[in-house]
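One letter stands for each residue in the lines below.
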Amino acid sequence: EGLNIGGVIETPNGGKISQHTNIYEGKLKIKEIDEDKDGLKVYKYNRFGDVIEYEGKTDTYRYDYNYDEKGNWTKIIEYRNTIPILVKERTITYYDELNKK
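Residues numbered from 1 in each chain as written. Predicted model: local features only at pLDDT ≥ 70, side-chain atom pairs only at ≥ 80, totals over all residues. Heavy atoms only, no water.

Enquirer: Give me the pattern of salt bridges: which residues, what numbers.
Expert: In the structure shown here, the tally under the stated rule is 5 salt bridges. Across the salt bridge formed by E53 and K44, the nearest N and O atoms sit 3.5 Å from each other. Relative accessible area serves as the criterion here: at 28%, K44 is assigned to the partly exposed category. It is possible to trace a salt-bridge network through shared partners that takes in K44, E53 and E55. (Salt bridge = Lys/Arg side-chain N within 4 Å of Asp/Glu carboxyl O. Buried < 20%, exposed > 50% of the residue type's maximum accessible area, 1.4 Å probe, protein only.)

Written out as structure tokens, the structure reads:
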């Protein structure tokens with residue numbers, strides 16, 4: 001894994017409130033780790049910058065994407081602990097496509 005960028009938020013007496021770390025490969029963020037009073041949360045990203053996995057206190061969420069030719073998602077399927085729970089779909093009309101008509 002590549003570059004790690006992070007920070008810690010502390011109370012005035014030095015007690016840790018939260019810690020945040022971003023992990024990069026080149027300019028691409030591939031992982032984000034947050035730790036606070038609610039526990040550890042880990043986010044993983046794909047090459048488009050979209051979250052593909054989220055590990056929380058009790059559940060793991062996974063996201064599958066379909067993309068159009070311009071690299072924008074058109075469909076997302078969200079899974080909680082391997083069970084599909086949500087499907088989002090969108091249609092994008094691009095300005096340059098409107099001018100071709």
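Enquirer: Please give an account of the pairing of strand β6 (residues 60-67) that cites residues and values.
Expert: Where strand β5 (residues 51-55) lies against β6, 3 bridges are found, and the strand directions are antiparallel. Residue Y54 lies in a different strand from β6, and its bridge partner there is Y61. Connecting β5 to the next strand, β6, in antiparallel fashion are 4 residues. With 7 bridges connecting them, β6 and strand β7 (residues 73-80) associate as antiparallel partners. By the bridge assignment for β7, Y67 is matched with W73. Turn length for the β6-β7 hairpin, with the two strands adjacent in sequence and antiparallel, is 5 residues, and the turn residue G71 shows positive phi of about 85 degrees. (Pairing = 2+ DSSP bridges. Helix = DSSP H or I, 4+ residues; strand = E, 2+ residues; numbered from the N terminus.)

Enquirer: Kindly report on a nonpolar patch on the surface, identifying the contributing residues and their values.
Expert: A cluster of nonpolar residues, I83, I85 and L86, forms a patch on the protein surface that exposes about 250 Å² of accessible area. Within the fold, L86 resides in strand β8 (residues 83-89). Of the residues examined, L86 reaches a relative accessible area of 35% and is grouped as partly exposed. (Patch = residues over 30% accessible without salt bridge, like charges linked within 9 Å, V, L, I, M, F, W, Y side chains within 5 Å. Areas by Shrake-Rupley, 256 points an atom, 1.4 Å probe, with all protein chains shown as cover.)

Enquirer: Which residues make up the environment of N66, and what are the values?
Expert: Structurally, the position occupied by N66 is in strand β6. Taking the C-alpha atoms as reference, N66 lies 9.2 Å from E89; in sequence the two are 23 residues apart. Other than its neighbours up to four places away in sequence, N66 contacts N72, W73, T74 and K75. (Contact = heavy atoms within 4.5 Å.)

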